[in-house]
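What follows is the residue order along each chain.
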Amino acid sequence: MSVVLLLNGPNLGVLGRREPEIYGTDTLADIEKAVADEVSVRGWEVVSIQRDGEGELVGAIHEHRDTTIGAIVNPGALMIAGWSLRDALASYAPPWIEVHLSNVWAREQFRHDSVIAPLASGVVVGLGAFGYRLAAKALLRLSAETPDRAINRAD
């Protein structure tokens, strides 16, 4: 059974209640179900992890590095200075997609740079919870193109 890692960073555990005018009303459980629905067409399952601490996210990446076909990662504010998260993702071989609910480039200047985006297979921003579905579709496509789970992120 192939498994997708759905990794969500700080403050994303309170989606649906946290600034719904920015992040929408979908809860993390709603997002988990949507991703599971998308990948189920290939018989894949989802393991969903949300942590507020960077070290816990790093541990989750290392724990699942050899057991997952790909990942969807919303690092939250750790995109800005999550260097240990970046290093862990650099050693994660399967394709992974960075996702942000809001359009980070339409917000405060400090949100305009992601330290992890250059490592990602792709980035989805500003499409709310639907962005996670798009990321799941991208993983399905990338997996079909790279059955050995390796992908050249420099392309």
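Here the structure is a predicted model, which is why all the values come from computation and not from measurement. Position numbers for residues count from 1 along each chain, tracking the sequence in the order it is written. Only residues with pLDDT of 70 or above have their local features reported here, since the model is predicted, and side-chain atom pairs are shown and tallied only from 80 upward, although totals for entire chains, interfaces and linings are computed over all residues. In computing side-chain properties, one takes all heavy atoms of the structure into account and sets aside hydrogens as well as water.

## Details of the sheet that holds strand β4 (residues 96–100)
Item 1. The strand order across the open sheet formed by five strands is β2-β1-β3-β4-β5, and the pairing between neighbours is parallel. Each edge of the open sheet carries a strand with a single partner, namely β2 (45–50) and β5 (122–125). Strand-to-strand, the axes of this sheet are offset by a mean angle of 20°, without reference to chain direction.
Item 2. By this definition, two strands are paired if DSSP reports at least two bridges between them. Secondary structure counts use DSSP, requiring at least four H or I residues in a row for a helix and at least two E residues in a row for a strand, with both numbered from the N terminus. Inspection of the sheet shows strand β1 (residues 3–8) paired to strand β3 (residues 70–74) by five bridges, in the parallel sense. Considered in β3, the bridge of N8 is made with N74. The convention used is that axes are lines fitted to C-alpha atoms, helices contributing only their stretch in contact, and that angles between N-to-C directions extend from 0 to 180 degrees.

## A short note on helix α3 (residues 54–64)
Item 1. Type-normalised accessible area, obtained with a 1.4 Å probe on protein chains alone, sets the label of each residue: buried when under 20%, exposed when over 50%, and partly exposed for intermediate values. Here α3 has its buried residues at L57, V58, A60, I61 and H64. End-on, the buried residues of α3 take up no more than an arc of 160°, which puts them together on one face. In α3, those exposed residues whose orientation departs by more than 90 degrees from the buried face are G55 and E63.
Item 2. Where α3 is buried, its residues contact β1, β2, α4 (78–81) and α5 (83–90). As used here, the arc belongs to the directions running from the helix axis to the C-beta atoms. Here, two residues are considered to be in contact whenever any of their heavy atoms come within 4.5 Å of each other.

## Points about the confidence of the model for the protein
Any region with low pLDDT has predicted coordinates that should not be read closely.
Item 1. Looking at the protein, pLDDT values average 90 and 90% of them are 70 or higher.
Item 2. Counted against residues more than four places away or in other chains, residues 148–155, with its pLDDT under 50, gives 22 contacts. Values of pLDDT, ranging from 0 to 100, describe the predictor's confidence in every residue of the model.

## Observations regarding the environment of F130
Item 1. As for its position among the elements, F130 is in helix α6 (residues 130–145).
Item 2. Expressed as a C-alpha distance, the spacing of F130 and R42, which sit 88 residues apart in the sequence, is 19 Å.

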